[in-house]
Amino acid sequence: MDNPEKQFRYRMEPLLKARQWDLDIAKADEVRARAAVKECAEASERIGRAIVEIETAIRQASTAGANIDAD
């Protein structure tokens, strides 16, 4: 005698596989997105440190009496 539950699962197997593929693709997309966010965050930190260094150099030059043209 056939078990109706097994038939139901068998019929759903293609859908389950498709959903698993979708999940795998979404996970890969998430990994790439996290890497991109991390890369952008690191770039922002580097830029922020560079700005601080430039501001410090400008302040030191100004304190030393250098003529700084704003343009």
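Residues numbered from 1 in each chain as written. Predicted model: local features only at pLDDT ≥ 70, side-chain atom pairs only at ≥ 80, totals over all residues. Heavy atoms only, no water.

### Considering the overall build of the protein
Argument step 1. When its secondary structure is counted, the protein shows one helix and zero strands.
Argument step 2. With 71 residues in all, the protein has 0% of them scored as buried.
Argument step 3. Surface accessibility of the protein: about 6900 Å² in total, with carbon and sulfur atoms responsible for 58%. (Helix = DSSP H or I, 4+ residues; strand = E, 2+ residues; numbered from the N terminus. Buried < 20%, exposed > 50% of the residue type's maximum accessible area, 1.4 Å probe, protein only. Areas by Shrake-Rupley, 256 points an atom, 1.4 Å probe, with all protein chains shown as cover.)

### A few points about the pattern of salt bridges
Argument step 1. Scanning all chains against the criterion turns up four salt bridges.
Argument step 2. The residue D22 makes a salt bridge to R19 at a minimum N-O spacing of 3.4 Å. Here D22 and its partner R19 are both found in helix α1 (residues 4-63), three residues apart, which amounts to about one turn of the helix.
Argument step 3. Residue classification places R19 among the exposed residues on the basis of a relative accessible area of 53%.
Argument step 4. When the shortest N-O distance is used, the salt bridge between R34 and E30 registers 2.8 Å. (Salt bridge = Lys/Arg side-chain N within 4 Å of Asp/Glu carboxyl O.)

### A closer look at a nonpolar patch on the surface
Argument step 1. On the surface, I54, I58 and I68 cluster together into a nonpolar patch covering about 260 Å² of accessible area.
Argument step 2. Position of I54 relative to the elements: it lies in helix α1. (Patch = residues over 30% accessible without salt bridge, like charges linked within 9 Å, V, L, I, M, F, W, Y side chains within 5 Å.)

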